[in-house]
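Descriptive structure summary
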Amino acid sequence: MITCLISRMYSKSIQNLIGAFRKLPTVGQRTAERFVFYLLKSGKKEVGEITLALKELIDNVKSCEMCWDFSDNNPCAICSNKTRDTSLLCVISEPQDIPVLERTGMYNGLYHVLRGLVEPGAEEELERIKIKELFAKLEKPNTIKEIVMALNPDLSGETTMLFLEKKIKEKNPNLKVTRLARGLPMGSDLQYADEITLGSALKNRTER
Ligand SMILES: [Zn+2]
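Just so we're clear, the structure is a prediction, and the values are computed from it rather than from any experiment.

Calculation rules
Residues numbered from 1 in each chain as written. Predicted model: local features only at pLDDT ≥ 70, side-chain atom pairs only at ≥ 80, totals over all residues. Heavy atoms only, no water. Helix = DSSP H or I, 4+ residues; strand = E, 2+ residues; numbered from the N terminus. Expected span 1.5 Å × (residues − 1). Buried < 20%, exposed > 50% of the residue type's maximum accessible area, 1.4 Å probe, protein only. Arc of directions from axis to C-beta. Contact = heavy atoms within 4.5 Å. Donors = N, O, S within 2.8 Å, 3.2 Å for Na, K, Ca; no water. Tetrahedral: all angles 85-135°; square planar, octahedral: opposite > 155°, others 65-115°.

1. Observations regarding helix 3 (residues 29–42)
Under the 1.5 Å per step criterion, the end-to-end length of helix 3 is 20 Å for 14 residues, consistent within 8% with the ideal 20 Å. When we look at burial in helix 3, the residues that qualify are A32, E33, V36 and L39. Down the axis of helix 3, the buried set is contained in an arc of 130 degrees. They therefore lie on one face. Across from the buried face of helix 3, at angles greater than 90 degrees, the exposed residues are R30, R34 and K41. Those residues of helix 3 that are buried are in contact with helix 2 (12–22) and helix 4 (44–60).

2. Some details on the coordination of the zinc ion
Note on the zinc ion: its protein donors are C64 (SG), C67 (SG), C76 (SG) and C79 (SG). The metal-donor distances range over 2.3 Å. Every donor counted, the four donor atoms about the zinc ion form angles of 106 to 117 degrees at the centre, which fits tetrahedral coordination. For the zinc ion, all donor residues lie on one chain, and their spacing in sequence is C-x2-C-x8-C-x2-C. There is no split in this pair, since C64 and C67 are both buried.

The values reported here are purely geometric and, on their own, carry no functional implication.
Structural data, given as structure tokens:
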């Protein structure tokens, strides 16, 4: 027991970085320790590169205030691309869903990133995600004719979609709201869907 306690007593700088890594999703104590000792062993060049990459990330990446993706430019490349179809708006939960949908080659509209989903029974958390921004977009004069709901086929995706569909229908009864066709495995994450399945779910999307 004593040896176990002693082995965990790292220096303050080591402890600090372990603590910082532990804040990352899915990183526990053991993984955080592995990262820190890997960096200590790898030398100054590698640590310098990571430090520089982190600094550039913080200095250069901003929110696109049209779609809420992260980008070096505001508006981002997709929002400022004049060949995109501005009558289509695809609602997604995370920025990482955009490259997945783009790779299908089946979508040429714009996006709105919610930056999260709401768990069932926790509807008060709707304030936390970019819903106000979505409705602000629908209230301003715009060319949007269809909203494509492309949230994860799981409970929180379903909860968020139901809420949004109800709200959209109340505010804009004539706006077409569609969902990805069934076919994506229930409980899965859009980001892990293969291009063919996702492309066909987009192509065969159904109206609500
Ligand atoms: Zn954008």
